[in-house]
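Chains, contacts and geometry: an overview
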Amino acid sequence: MKTPVADLLSGDVVRRLAAYAGSGPVVTCYLDVDGRRYVRPHDYELEFERMARPVRERAHGALKRIEDHVRGGLDRSHTRGLALFSGVAGDLWEPLHLPVAVRNQLIVNQHPQVRQLEAVIERAERFAVLLADRQRARLFVFQLGQLVDWSERFDRLPRHEDDGGELAKDQVRDHVDSATRRHLLRTAAAAFELFQESGFDQLLIGAPADIAAALERTLHPYLRERVTARLTVPVGAREDDVREAAVAAEEQVLRRREAADVNRLRSAAGMGDGAVVGLDEVLKALVERRVDTLLLSDGFEAPGWRCPSCAFLAAWSGPMTWSRKLCSRR
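Because the structure is predicted, anything quoted here is derived from the model rather than measured.

Digging into the packing of aromatic side chains
Applying the stated criterion to the full structure yields five aromatic pairs. Look at tyrosine 30 and phenylalanine 85: their rings are 6.1 Å apart centre to centre, the planes differ by 85 degrees, and that puts the pair in the edge-to-face class. Taken together, the residues span a long stretch of sequence, with tyrosine 30 in strand β1 (residues 26-32) and phenylalanine 85 in strand β2 (residues 81-87) at a distance of 55 residues. When sorted by exposure, tyrosine 30 lands in the same class as phenylalanine 85, which is buried. Members of the aromatic cluster, each reached through a chain of ring pairs, are Phe192, Phe195, Phe200 and Tyr222.

As for the nonpolar core
Phe200, Leu203, Leu219 and Leu223 are the most contacted members of the largest nonpolar core, which has 21 residues in total. It is helix α6 (residues 165-198) that contributes the most residues to this core, seven residues altogether. Sequence-distant contacts of leucine 203, defined by excluding residues within four places in its chain, comprise Ala128, Leu130, Leu219, Leu223, Arg226, Val227, Thr228 and Ala229.

Quick notes on the sheet that holds strand β7 (residues 146-154)
Taken together, the five strands give an open sheet; going across it, the order is β7-β6-β5-β8-β9, and neighbouring strands pair in mixed fashion. The open sheet has two edge strands with one neighbour each: β7 and β9 (227-231). On average, each strand axis in the sheet is inclined to that of its neighbour by 20 degrees, with strand direction left out of account. Across the sheet, helix α7 (residues 209-218) lies against β5 (127-132), β8 (202-206) and β9, angled at about 130 degrees from β5, the strand it touches most.

Focus on the pattern of salt bridges
This structure, assessed with the given rule, holds 26 salt bridges. For arginine 136, the salt bridge is made with glutamate 152, and the minimal N-O distance between the two is 2.8 Å. Of this pair, arginine 136 sits in strand β6 (residues 136-143) while glutamate 152 sits in strand β7, and the two are 16 residues apart along the sequence. Of the residues examined, arginine 136 reaches a relative accessible area of 25% and is grouped as partly exposed.

Focus: the packing of helix α3 (residues 41-52) against helix α4 (residues 60-71)
One way to put it is that α3 packs onto α4 with a least axis distance of 10 Å and a crossing angle of 170 degrees. In terms of their interaxial angle, α3 and α4 are classed as roughly antiparallel. Of α4, the residues touching α3 (which contributes Tyr44, Glu45, Phe48, Glu49 and Ala52) are Leu63, Ile66, Glu67, Val70 and Arg71. Here the residues of the contact of α3 with α4 are counted per class, giving six nonpolar, no polar and four charged.

Re the pairing of strand β3 (residues 93-98)
Relative to β3, β2 runs antiparallel, the two sharing six bridges. Considered in β3, the bridge of phenylalanine 85 is made with glutamate 94. If you look at the hairpin formed by β2 and β3, you'll find five residues sitting between the two strands, and glycine 90 has a positive phi there, around 80 degrees.

Considerations on a nonpolar patch on the surface
Together, Leu279, Leu286, Val291, Leu294, Leu296 and Phe300 line one region of the surface with nonpolar side chains, adding up to about 500 Å² of accessible area. With respect to the helices and strands, the residue valine 291 is situated in the loop between α10 (279-287) and β10 (304-306). On the basis of relative accessibility, which here comes to 34%, the residue valine 291 falls in the partly exposed class.

Considerations on α7
Within α7, burial applies to Ile211, Leu215 and Glu216. End-on view of α7: buried residues confined to an arc of 140 degrees, all on one side of the axis. Opposite the packed face of α7, turned more than 90 degrees from it, sit the exposed residues Ala209, Asp210 and Arg217.

Here is what the cut-offs are and how they apply
Going along each chain's sequence as written, the residues are numbered from 1 onward. The model is predicted, so local features are restricted to residues of pLDDT at least 70 and side-chain atom pairs to those at 80 or more, both for listing and for counting; the totals for chains, interfaces and linings are taken over all residues. Based on all heavy atoms of the structure, the side-chain values leave hydrogens and waters out of the count. Think of it this way: a Phe, Tyr or Trp ring, Trp meaning its six-membered ring, pairs with another when their centres are within 6.5 Å, and the plane angle makes it stacked under 30 degrees, edge-to-face over 60, tilted otherwise. Where helices and strands are cited, they refer to DSSP runs of H or I of at least four residues and of E of at least two residues respectively, numbered from the N terminus. Only protein chains enter the area calculation, which uses a 1.4 Å probe; residues under 20% of their type maximum are buried, those over 50% are exposed, and those in between are partly exposed. The term nonpolar core refers to a set of buried residues drawn from Ala, Val, Leu, Ile, Met, Phe, Trp, Tyr and Cys, joined through side-chain atoms within 4.5 Å. Here a residue-residue contact requires only that any non-hydrogen atoms of the pair lie within 4.5 Å. Strand pairing is defined by DSSP finding a minimum of two bridges between the two strands. Helix axes are fitted only over the stretch in contact, all axes being lines through C-alpha atoms; the angle between N-to-C directions runs from 0 to 180 degrees. Here, a salt bridge means any Lys or Arg side-chain nitrogen found within 4 Å of an Asp or Glu carboxyl oxygen. When describing relative orientation, an angle under 35 degrees is termed roughly parallel and one over 145 degrees roughly antiparallel, while 65 to 115 degrees is termed roughly perpendicular and anything else oblique. Note on residue classes: Ala, Val, Leu, Ile, Met, Phe, Trp, Tyr, Cys and Pro are nonpolar, Asp, Glu, Lys and Arg are charged, and everything else, Gly too, is polar. Note on patches: the residues involved have over 30% relative accessible area and no salt bridge, like charges join within 9 Å, and the nonpolar side chains Val, Leu, Ile, Met, Phe, Trp and Tyr join within 5 Å. Here the accessible surface of atoms and residues is derived via Shrake-Rupley with a 1.4 Å probe, and residues count as covered only by protein chains that are part of the display. It is the directions from the helix axis to the C-beta atoms whose arc is reported.

Written as structure tokens, this is what we have:
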């Protein structure tokens, strides 16, 4: 059963998983099934088998349910990642199909591991797509790859009469240009109305080259500052094609944002302008609550510990270090 996007985005799913208190361990599986990286189902099935092999004996029942789901044939048209939660006692089963890729991870623990799922939800900005030509305009709002709002309008252009002479043709051309300007103004007004009603974080525009610049100039300043990409999708494109273009553009926006954050960190660290790098220095800044933005390499893990009495954080480097640091904080 597919979880509604509203439940996922509202946090209801995460809260339900976090509150789970079953009678046995839970298997959490995040699996990347993006067709651009795993062309055949066999490719991501091999990755799942690699992760499952070490824990198969101690989590057989829960793992079997996950394995059957992975190997049961996935519709990957709108799915790029799986988040699967299964209780060993059989009292938990939550399969989530996500339109974004996840990091491959399989964990057996007493509680569902929802950190990756929380990260997906936190990054789930609303992306609006505005497609237009000289007569038609369509607006879509997507979140987590699902359509959450849309609007459409059509303004018929005047016909070109062939028997009216050059003067008449010039008049018709002026009339057409004037009608196009009115259409763009109405399109911009409709886009702003949708923004006020639905709200969105990014705006993607697809329009022919001869009207694209004029359309963007016509938009309300609030919308112009949200334009993050130009699409080559025609105004009459299928909804699935629009969705795919929106998801691809969203990934590019996120990659650019991450690259900008990394460059800003490198620059600040190089100039000694309040940035720190390296595990020990970063942990120290976290303890002292001096962190504004925290950047982690994808998949980074390191053993460590947290003092239950004072919340002190430190990297794990053996029992002697644990004892010495813990005592020094008391």
